[in-house]
Every structure is written in structure tokens, then in C-alpha cells.
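Structure at a glance
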Amino acid sequence: MTRDIEQFAQLGIGEALTAGLLEYGIGKPSPIQAEAIPYILEGRDVLAQSQTGTGKTLAYLLPLLQRIDPEKKESQVLVIAPTQELAMQIVREGEKYGAPLGISTIGLIGGASAARQVEKLRQRPHLVVGTPGRLRELLSTRKLKLHEVRTVVLDEADQIFQLGGADDIRALLKGSLRDRQLIFLSATLGPEVRTLAEREMRDPADVGIEPEQKLAKTTQHLYFVCEERDRIDILRRVVRHYNPQRAIVFVNQTGTIAEVEAKLNHLGLAARTLYGEADKVTRATVLSQFRSGKFRLLVATDVAARGLDIPGLELVVHLDPATDSEHYVHRAGRTGRMGRKGLSVSIVTDRQEFILRKFSRELETEIEPRVLYEGAVLTLAEAEQRRSSGAARWTPKRSGSAAAGRSEAAGVPASQGSSPVTGSGAAGRAHGEAPQRSAEPGRTQPRKPAGRPPKGSKKQPNKDKGAPKWLKDKRSTQDPS
Ligand code: AMP
């Protein structure tokens, strides 16, 4: 038991608290405690999926009690719980572990005498626990002041929403400091909890969340492989094909962002940038212009776009692949919100393809390869079918994408359909069915595929006819077949 309790110490819980834990027969951190405590001690926002009975209350109470300064007569932590019973339970735990540290706790609970609660509030107890309705009532009558609260916890957040507490929560969060730490615990991660987390939290640590739950089920994840120098061209063709009203394009470095913006504008795709170093006014202006549709592509870095809520955003493009799966989740989470369809497209070189396979594994989500061909988006199997039916003239990847770019630039439209993400007729395409189109009018030469020729595709019999030997040799080494 003594050795087990050291595990709490290793997580950063001090002696005074571990002594209390021992006293109450708690020897070893539960999994959610082991995961959440270090983040909460760090001051990070935390989104935790947790059920009652997993030790979730102590998972946040222990680190928060430790961070409270008992010397200051200020209400430093606010815990919001859906029901009177749960709130009372939290109050009891708070008193049990907090009192020996000189920390005072108050319960602000509907059904009990408000007058007595107001009286006690004057003492500015360190830890405030309450139900949404009563807390809001006390906030609106200015009996409860939140300007000193450094951390707000929503326990059983899904229940709070189910019981109609959304407005109260909004008011309480609005009344609290902008840079407060937020901790949400919820048995389920429904759209309301997700949306609130995305809107209010900054870079939250996910705790206890099943990998496949981290990404919205309504979002499709695709990727295109191309040469480094063709990234922008593939982006242009992706945007043409999916034709979204608005899209966010993620880049990894602020250093290249202006160049990307300039290239896109040059190609006729109205783009502006959002990055961390930009001043507040510029950022606010860019965002409001993006929301109101003044331009189509927002080129952004991860930091700048974190938590961004653009209702109905149809497409997210990773022009550079995300640095890890957590960043991928944050990026892809800008689309497919509130049950809407979304699309997350990564553009990678063949050397970067493994990154997406890794994300796919870690997130237990399919991130599927696609090929752009004649403005259509094909699965590898469809592309292979086209190739083998002789409809296409496949060329090695390098010349393929570049050539395709040229032919489109020569005035051949890439896509004429409505957005496959939201448009009804195009939904099938978003799921991998290439449109069956006959030859487009005005086309003078066959356009070639971009992205990766399908694995196992055979050589075109006449492809090398007439080519010099050195070129044939080169092609045979480059050709993925
Ligand atoms: P909760 O999930 O917060 O409702 O906690 C369920 C019960 O587990 C409460 O009675 C806690 O006191 C108890 N508990 C919390 N953490 C631990 C732990 N690490 N080991 C044993 N019991 C615990």
C-alpha cells in the first residue's frame, strides 16, 4: 500500500494529500487519475471521457486542491455538476481532502436555502461547487463573482446539457476569466460537449477518450500523394473538385505561409492567412472576413486555428501533414461539426505517406489514398480500372501531375459539380465513386492523372514507343508497377 501511494507522489500530488488518501483507504491512482492529474497540475485544459465509479472526482479534485492557495481569500475553483446529488458528493470530497490543507468548500445547490449560501459566499470560499441554475442565478444577482476563478470544471457535462443547462453554462463561462483552465468530464462526447470544448478550450489534453471517438464520424479522411513541387497544384485541383464555399489550409511553418497565400491568389483562389504572430486586430478581421465569405481559403498554422469554430466548414486541407495524430485531430476537427459532413484531405509526398498510415493506426480511422484524374477523384481501384480499360494514358507520377496541371491551366475545367461534401448529387463522389463523365467539350488532349498511380498497375503497352532507351530505362525504374 505504501509503495502504491508513491504513485500519487510521482504524479505530483503532495504529502498532505497523499496522507489523506491513505486515511481513506485509497492507495493507488486509478487509470483516469494517472492520466489526468499531471495535465491538470500543469494548468492545461482537459477533456476527459469518464464514467462515475472510475475515480473521476479525485482525478480533478486532488490536483486542483493542490493548486489552490489557501492563504488567499479568493474563490479559485468552480465545479459545475448536473444534479444536486452529484454536487453534494463533490462538496463532501472537497471538504474531506481540502479541510486539512486549510481549503474551504461551498455547495451552491438548487433546492437549498439561497440566503444561507449567499451568507457563506461572503467568506469567499476557495472551492465553489454548484448546480447550473443556482450558480447562474447567483451570478446574475452578482452574489457570485467569478473574476478570481482560475479553473472551471464541468462534471458530467453531457448530463448538464441533457438537463437543459446549456444556457447556464454559456453564461457562467462568459462570466469567468478568458484564460481560465477548463476541465470537462463526460461519459459521452456528444456534439454539444465537443462543440463547447472546441470553442472554449485551448489545446486540451484528451483523457480516456477512445481513439475512434476523437474524430467526428461524419468526416471522411483522404490523402493524395504527389511530388513536393506539385503540392499547390494538387491543392488547387482538390479545391476545384470539391468546390467548397470555404476551406482551411494548414501549413506547418509560419515562414512559408505568405508564399502559399501568394501562390493561391495568383491561381485565382482567394486566400488569406492566419498565424499566431499576427496581431489581434488583423486576426479578428481575417476571421470575420472568412466567416462572411469574403475569401475562400484560410491558410493557417496549427496554433492560429486551434479551437476555431467556422460553422459549416466543409473542407480541411493539410498542405503539410500534421506533426502528430493529436494535431491531426485538432485540424480535422474544424470540419464535420454538429453532425455535418466534413472532409479532411492531406497532401503528402510518397516519403510522407507513412505518417498518414501511422495516424490511421493511432486514431483507428481510415485515411484513404485517392488519385486525381481528369478532375475526378478516384480510389486506387477505380484508377486502376480506368487505366486497364485503356481510358487513361498513365505516365510516371512526376510528369503526370505536372502535365495535368498544365492541361487544366490551359482552360479545361477540373470540376463542374457541386460540392461533394454538402451537395446531394456529389455525396457519392465524396465516398470514392468517381463521376462517370464523357469527354468534356473543348478538350484537345487527354489529361493525365495526378497523385499516385495505383499499386500494381501495369505498364501501358505503347507508353514507351519511340522513346530513347535511357528514357525507357528511367521509366521502368520510376514506374510503381
Ligand atoms: P467517482 O468515479 O469519482 O464517482 O469515484 C467512485 C469511488 O471511488 C469514490 O467512492 C471514491 O472515493 C473512490 N475512489 C476514487 N479514487 C480511488 C482510487 N484511486 N482507489 C480506490 N478508490 C477510489
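**A closer look at the sheet that holds strand 2 (residues 77–80)**
Taken together, the seven strands give an open sheet; going across it, the order is 3-4-2-5-6-1-7, and neighbouring strands pair in parallel fashion. Looking along the sheet, the strands with just one partner apiece sit at the ends: strand 3 (105–108) and strand 7 (205–207). On average, adjacent strands in this sheet sit at an angle of 15° to one another, irrespective of strand direction. Of the strand pairs in this sheet, strand 1 (residues 46–49) and strand 6 (residues 181–186) are connected by four bridges, and their pairing is parallel. Looking at strand 6, one finds that Val46 is bridged to Ile183. Along the sheet, helix 3 (residues 31–42) makes contact with strand 1, strand 6 and strand 7, crossing strand 7 at roughly 165°.

**Things to note about unusual backbone geometry**
Unlike most non-glycine residues, Arg124 shows phi in positive territory, near 50°. Looking at the element boundaries, Arg124 is found in the loop between helix 6 (114–121) and strand 4 (127–130). You will see that Glu364, though not glycine, has its phi angle at about 50°, which is positive. Within the fold, Glu364 resides in the loop between helix 17 (353–363) and strand 14 (368–369).

**Here we look at the site of the ligand**
Around the ligand, the structure places 13 residues, and the nearest of them are Lys28, Gln33, Gly53, Gly55 and Thr57. One nitrogen or oxygen atom from the main chain of Thr54 is found 2.9 Å from an oxygen atom belonging to the ligand. Between the ligand and Lys56 there is a distance of 3.2 Å, counted from an oxygen atom to a backbone nitrogen or oxygen. Within the complex, the protein chains bury 67% of what would otherwise be the 500 Å² of accessible surface of the ligand. With three residues, the single largest contributor to the shell around the ligand is helix 4 (residues 56–67). The class makeup of the residues in the shell around the ligand is three nonpolar, seven polar and three charged.

**Some remarks on helix 16 (residues 325–332)**
Most of helix 16 sits out of view: six of its eight residues are buried. Turning to helix 16, its buried residues are Ser325, Tyr328, Val329, His330, Arg331 and Ala332. The distance from a side-chain oxygen at the start of helix 16 to the backbone nitrogen of Glu326 is 3.2 Å, and the residue carrying that oxygen is Asp324.

**Here's the deal with the side chain of Thr219**
Relative to the elements of secondary structure, Thr219 occurs in strand 8 (residues 219–225). A relative accessible area of 10% means that Thr219 is categorised as buried. Contact partners of Thr219, with chain neighbours within four places excluded, come to Thr335, Gly336, Gly342, Leu343 and Ser344.

**Side note on the packing of aromatic side chains**
In this description, a pair of aromatic rings is defined by centroid distance and the angle of the planes. Considering all chains together, one arrives at three aromatic pairs under this definition. Ring centres 5.5 Å apart and planes at 45° place the aromatic pair Tyr328 and Phe359 in the tilted group. A residue pair is termed long-range when its members are at least 10 positions apart, and Tyr328 in helix 16 and Phe359 in helix 17 qualify at 31 residues. Both residues of the pair, Tyr328 and Phe359, belong to the buried class. Sitting over the ring of Tyr24, Lys96 keeps its end group 4.5 Å from the ring centre.

**Topic: the environment of Gln352**
Structurally, the position occupied by Gln352 is in the loop between strand 13 (342–348) and helix 17. Classification of Gln352 by relative accessible area gives buried; the value is 19%. Once the C-alpha coordinates of Gln352 and Val225 are considered, the two residues, 127 residues apart in sequence, prove to be 8.5 Å apart. When sequence neighbours within four positions are dropped, the list of residues in contact with Gln352 reads Arg231, Pro321 and Ile347.

**Re helix 6**
Within the sequence span of helix 6, burial applies to Gln117, Val118 and Leu121. When helix 6 is viewed along its axis, its buried side chains cluster within an angular range of 100° and face the same direction. Exposed positions of helix 6 whose direction lies more than 90 degrees from the buried face are Ala115 and Arg116. Here the buried face of helix 6 lies against strand 3 and helix 7 (132–140). One side-chain oxygen of the residue at the start of helix 6 lies 3.4 Å from the amide nitrogen of Ala115, identifying that residue as Ser113.

**Concerning the sheet that holds strand 9 (residues 247–250)**
In space, the seven strands of this open sheet follow the order 10-11-9-12-13-8-14, with parallel pairing throughout. Sheet topology places strand 10 (271–274) and strand 14 at the edges, where each strand pairs with a single neighbour. Note that strand 8 and strand 14 share two bridges and pair parallel. Paired with Leu222 across the bridge in strand 14 is Glu368. Strand contacts of helix 14 (residues 280–291): strand 9, strand 10 and strand 11 (297–300), with the helix running at about 140° to strand 10, the strand carrying the most contacts.

**A look at the pairing of strand 8**
With seven of its seven residues buried, strand 8 lies for the most part within the structure. Residues Thr219, His221, Tyr223 and Val225 line one face of strand 8 and the alternating positions Gln220, Leu222 and Phe224 line the opposite face, and both faces are buried. With seven bridges joining them, strand 8 and strand 13 adopt parallel strand pairing. Bridging from a neighbouring strand, His221 pairs with Ser344 of strand 13.

**Overview of the nonpolar core**
Tyr60, Leu62, Val79, Ile90, Leu127 and Ile183 are the most contacted members of the largest nonpolar core, which totals 37 residues. Take this core: its biggest share by element is seven residues, from helix 4. With residues near it in sequence (within four places) discarded, Ile183 still touches Ile40, Val46, Tyr60, Leu64, Thr151, Val152, Val153, Leu154 and Met201. Among the nonpolar cores identified, the runner-up in size contains 31 residues, and Leu121, Leu173, Leu182 and Met201 belong to it.

Parameters at a glance
- Residues numbered from 1 in each chain as written.
- Predicted model: local features only at pLDDT ≥ 70, side-chain atom pairs only at ≥ 80, totals over all residues.
- Heavy atoms only, no water.
- Pairing = 2+ DSSP bridges.
- Helix = DSSP H or I, 4+ residues; strand = E, 2+ residues; numbered from the N terminus.
- Axes fitted to C-alpha atoms, helices over the stretch in contact; angles between N-to-C directions.
- Contact = heavy atoms within 4.5 Å.
- Near = heavy atom within 4 Å.
- Polar contact = N/O pair within 3.5 Å; in protein donor to acceptor, adjacent residues only side chain to side chain.
- Areas by Shrake-Rupley, 256 points an atom, 1.4 Å probe, with all protein chains shown as cover.
- Nonpolar A, V, L, I, M, F, W, Y, C, P; charged D, E, K, R; others polar.
- Buried < 20%, exposed > 50% of the residue type's maximum accessible area, 1.4 Å probe, protein only.
- Phe/Tyr/Trp six-rings, centres within 6.5 Å; stacked < 30°, edge-to-face > 60°.
- Lys NZ or Arg CZ within 6 Å of the ring centre and 35° of its normal.
- Arc of directions from axis to C-beta.
- Core = buried A, V, L, I, M, F, W, Y, C linked by side-chain atoms within 4.5 Å.

All we've got here are geometric facts, nothing functional implied.
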